[in-house]
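Working through the structure, step by step
Given next are the chains, with one letter for each unit.
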Amino acid sequence: MIANLAQLAAEETEQNPLIPAGPELLVGTIAFAIVFFFFWKKLLPNINKVLEERRAAIEGGIEEADAMKVEAQSVLEQYKAQLAEARHEAARLRQEAQEQGAALIAEMRAEGQRQREEIVAAGHTQIDADRKAAASALRQDVGKLATELAGKLVGESLEDHARQSRVIDRFLDELEEKAEATR
């Protein structure tokens with residue numbers, strides 16, 4: 001047996017290890033062709049299909065992201081426009097409120113001035129009425145006192161009211177004329 005092994009080893013050394021034997025080369029080529037045909041017909045289209053789907057998904061995602069970016073930019077511009085409009089509206093409302101406040105203050109001042117003038121006029125009217133009432137009461141009191149005094153000086157009662165009132169009026173009128181003349 002050792003002889004057989006030696007003979008096989010000698011045959012193998014004669015053959016180039018990089019070049020296979022003819023039947024092995026034929027079987028290897030057929031096996032390669034079968035595997036290549038299987039890959040080419042079955043696996044390669046599936047791989048290409050998956051790669052194409054992945055490429056389409058990536059491109060679609062990029063396009064969708066661009067669309068979303070454009071939409072987001074549009075929404076941002078709308079938001080900025082609404083914000084500017086809201087600020088403008090707030091400024092307008094603030095200005096309007098200030099104008100209304102100023103008008104209300106002016107109206108209240110005018111109403112206060114009118115009420116003050118009414119109160120002052122009513123006070124003057126009341127003072128005039130009180131002064132006239134006091135003057136009338138004083139005239140009567142002075143007239144009574146003068147009549148009593150004259151009655152005591154003369155020694156008789158001066159009870160005639162008509163005469164008494166004329167004398168008193170004349171006396172008080174003379175006093176008023178003297179008071180006005182000294183002013």
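Since we're looking at a predicted model, the values are computed, not measured.

**Examining the overall build of the chain**
Along the chain, the regular secondary structure elements total three helices and zero strands. Along the chain direction, N to C, the helices and strands of the chain fall in the order α-α-α. Across the 183 residues in the chain, those meeting the buried criterion constitute 3%. For the chain, the computed accessible surface area is about 16400 Å², with 62% contributed by carbon and sulfur atoms.

**Brief notes about the packing of aromatic side chains**
Geometrically, a pair of aromatic rings is defined through the distance of the ring centres and the angle of the planes. Applying the stated criterion across every chain yields a total of two aromatic pairs. Arranged with centres 6.1 Å apart and planes meeting at 20 degrees, the rings of Phe 32 and Phe 36 form a pair that is stacked. Here Phe 32 pairs with Phe 36, and both are found in helix 2 (residues 22–154), just four residues apart, close to one helical turn. Of the residues examined, Phe 32 reaches a relative accessible area of 57% and is grouped as exposed. For the cation-ring pair, Lys 41 lies above Trp 40, with the distance from its terminal atom to the ring centre recorded as 4.9 Å.

**Considering the pattern of salt bridges**
By the definition in use, this model includes six salt bridges. The shortest N-O distance in the salt bridge between Arg 92 and Glu 96 comes to 3.0 Å. Here Arg 92 and its partner Glu 96 are both found in helix 2, four residues apart, which amounts to about one turn of the helix. Look at Arg 92 and you get partly exposed, because its relative accessible area is 37%. Given the relative accessible area of 33%, Glu 96 is considered partly exposed. Across the salt bridge formed by Arg 114 and Glu 111, the nearest N and O atoms sit 2.2 Å from each other. Placement of the pair is Arg 114 and Glu 111 together in helix 2, with a separation of three residues, close to one helical turn.

**Remarks on the UniProt feature "transmembrane region" (unreviewed entry) in the chain**
As annotated in UniProt, the feature "transmembrane region" (unreviewed entry) corresponds to residues 25–44 in the numbering used here. Between the C-alpha atoms that bound residues 25–44 there is a distance of 25 Å. The span itself is 100% helix and 0% strand.

**As for a nonpolar patch on the surface**
On the surface, Val 35, Phe 38, Phe 39, Leu 43, Ile 47 and Leu 51 cluster together into a nonpolar patch covering about 520 Å² of accessible area. Relative to the helices and strands, Phe 39 is located in helix 2.

Calculation rules
- Residues numbered from 1 in each chain as written.
- Predicted model: local features only at pLDDT ≥ 70, side-chain atom pairs only at ≥ 80, totals over all residues.
- Heavy atoms only, no water.
- Helix = DSSP H or I, 4+ residues; strand = E, 2+ residues; numbered from the N terminus.
- Buried < 20%, exposed > 50% of the residue type's maximum accessible area, 1.4 Å probe, protein only.
- Areas by Shrake-Rupley, 256 points an atom, 1.4 Å probe, with all protein chains shown as cover.
- Phe/Tyr/Trp six-rings, centres within 6.5 Å; stacked < 30°, edge-to-face > 60°.
- Lys NZ or Arg CZ within 6 Å of the ring centre and 35° of its normal.
- Salt bridge = Lys/Arg side-chain N within 4 Å of Asp/Glu carboxyl O.
- UniProt positions renumbered as here; feature names shortened; annotations may be inferred.
- Patch = residues over 30% accessible without salt bridge, like charges linked within 9 Å, V, L, I, M, F, W, Y side chains within 5 Å.

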